[in-house]
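# Working through the structure, step by step
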Amino acid sequence: MSEQNKSIHDFDFKLICEYFSSLERQGPGSPEVTIKALSFIDNLTDESKIADIGCGTGGQTMVLADHTSGHITGIDLFADFIEIFNANSRQRILQARVEGVVGSMDRLAFQNEELDLIWSEGAIYNIGFERGINEWHRFLKPGGYIAVSEASWFTEKRPVEIDRFWKDAYPEIDIISNKVGQMEKAGYIPIATFVLPENCWIEHFYAPQVSAQEKFLKKYAGNKTAEELVENQRHEAELYYQYKEFYGYVFYLGKKV
Ligand code: SAM
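Just so we're clear, the structure is a prediction, and the values are computed from it rather than from any experiment.

### Thoughts on the overall build of the protein chain
Across its full length, the protein chain holds 9 helices and 8 strands. Against the compact-globule benchmark of 18 Å for 257 residues, the protein chain has a radius of gyration of 18 Å, which places it among compact chains. Going through the 257 residues of the protein chain one by one, you find that 36% of them count as buried.

As structure tokens, then:
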């Protein structure tokens, strides 16, 4: 890559980070859903070690922190998100036990059997669900839990337009029973799966983007990258409204055998 291209890409990357940093969450979810998923996990104490992988700016991590008492490490590839994460943690006086670190989910710095709980909302797709649950397995203590949310099909068949869109965006999207089978194969007892309600997408993810998009387009008027980013987000939201009966996010909870 030439230096010129590199600086263009660095600029694009900064813009994308800035857009998503302005949102409380970077993916679909809600405090209620985080609490519901946590209700299936029964072995946590003050001594517990929890990792929130692909934590973003920490929307769900702070909810986790309010409902657990152990130590939480948030990990995200993007330093700007981690900066906001740590500012949020300090603001809530949680910095002694909720710490954000920059890192990649395919090179985690934990010891084998160090963690009691691995959490990841809407992020495991970055390395793929099957690869993620297999690679992260060794970091959990025996009897430890994994809780991840993941885009999934609700039906065996769906309209071509949405099928194509998702197969292009994330070819690993699959029906729920196949994902549960992958968890069993990876060495987890499936504890629970549940579909995230529509408000996780509409109220908590797409609605806050409407005003964020207006501000962003005003600030970067005439900038192609900014316009394309907003256009893509709007298209994704339109597809969701049109086809939401065929797909959504599902929380998968498993216990290490
Ligand atoms: N968990 C947050 C939430 O639900 O609001 C963020 C979800 S967002 C859809 C996906 C997150 O994964 C982003 O914050 C992104 O920076 C992060 N990410 C992407 N690739 C990553 C990687 N290789 N390692 C760690 N985090 C990564």
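### Comments concerning the site of the ligand
Around the ligand, a shell composed of 21 residues is seen, among which Gly27, Gly54, Gly56, Met105 and Asn126 lie nearest. Grouping the amino acids of the shell around the ligand by side-chain chemistry returns 7 nonpolar, 10 polar and 4 charged.

### Quick notes on helix H5 (residues 129–136)
Of the positions making up H5, those classed as buried are Phe129, Gly132, Ile133 and Trp136. Axial view of H5: buried residues confined to an arc of 90°, hence all on one face. Close packing links the buried residues of H5 with strand S4 (115–121), strand S5 (140–153), helix H7 (176–186) and strand S7 (188–195).

### Regarding the confidence of the model for the protein chain
Per-residue confidence for the protein chain gives a mean pLDDT of 95, with 97% of residues at or over 70. Considering only residues more than four positions removed or in separate chains, one finds that residues 1–6, a stretch of pLDDT under 50, has 1 contact. Of the two predicted TM-score estimates for the complex, the pTM is 0.95 and the ipTM is 0.99.

### So, unusual backbone geometry
Here Ile93, not a glycine, exhibits a phi torsion of approximately 55°, which is positive. If you trace the backbone, Ile93 turns up in the loop between helix H4 (79–91) and strand S3 (98–102). Even without being glycine, Glu113 reaches a positive phi, approximately 55°. Structurally, the position occupied by Glu113 is in the loop between S3 and S4. What makes Glu113 partly exposed here is the crowd of 13 C-beta atoms within 10 Å.

### A word on the nonpolar core
Formed by 48 residues in total, the largest nonpolar core has its most connected members in Leu117, Ile118, Ile146, Ala147 and Phe251. Core analysis: the second largest hydrophobic core is formed by 5 residues, Tyr19, Phe20, Phe216 and Leu229 among them.

### As for the packing of H5 against H7
Orientation of H5 relative to H7, taken along the N-to-C sense of each, is 25°, at an axis distance of 9 Å. On the basis of their axis angle, the class for H5 and H7 is roughly parallel. As for how H5 packs across H7, the hand of that crossing is right-handed. From H5, Phe129, Glu130, Ile133 and Asn134 reach across to H7, where they touch Lys179, Gln182, Met183 and Ala186. Taken together, the residues of the contact of H5 with H7 sort by class into 4 nonpolar, 2 polar and 2 charged.

Rules of the game
Counting from 1, residues in each chain are numbered in the order their sequence is written. Given that the model is predicted, a residue must reach a pLDDT of at least 70 before its local features are reported, and side-chain atom pairs must reach 80 or more before they are shown or counted; all residues, however, enter totals for whole chains, interfaces and linings. Secondary structure is summarised from DSSP: a helix means a run of H or I of at least four residues, a strand means a run of E of at least two, and numbering begins at the N terminus for each. Using C-alpha atoms as the atom set, the radius of gyration is obtained and then compared with a globule rule of 2.2 Å times the number of residues to the power 0.38. Our exposure labels follow a C-beta count within 10 Å of each residue's own C-beta, placed from the backbone: buried means 20 or more other C-beta atoms, exposed means 12 or fewer, and partly exposed covers the counts in between. Whether a residue is near a molecule or strand depends on its C-beta atom, placed from the backbone, lying within 6 Å of it. Throughout, the ten residues Ala, Val, Leu, Ile, Met, Phe, Trp, Tyr, Cys and Pro are labelled nonpolar, Asp, Glu, Lys and Arg are labelled charged, and all others, Gly among them, are labelled polar. By definition, the arc is the one covered by directions from the helix axis to the C-beta atoms. A pair of residues counts as a contact when their C-beta atoms, built from backbone coordinates, are separated by no more than 7 Å. As a per-residue measure, pLDDT tells how confident the predictor is, with possible values from 0 to 100. Connectivity within a nonpolar core runs through C-beta atoms within 7 Å, and the core itself is a set of buried Ala, Val, Leu, Ile, Met, Phe, Trp, Tyr and Cys residues. With axes taken as lines fitted to C-alpha atoms, and helix axes fitted only over the stretch in contact, angles between N-to-C directions fall between 0 and 180 degrees. Should an angle fall under 35 degrees it is called roughly parallel, over 145 degrees roughly antiparallel, and 65 to 115 degrees roughly perpendicular, with every other angle called oblique. Each crossing gets its hand from how the near helix is turned against the far one by less than a right angle, where anticlockwise is left-handed and clockwise is right-handed.

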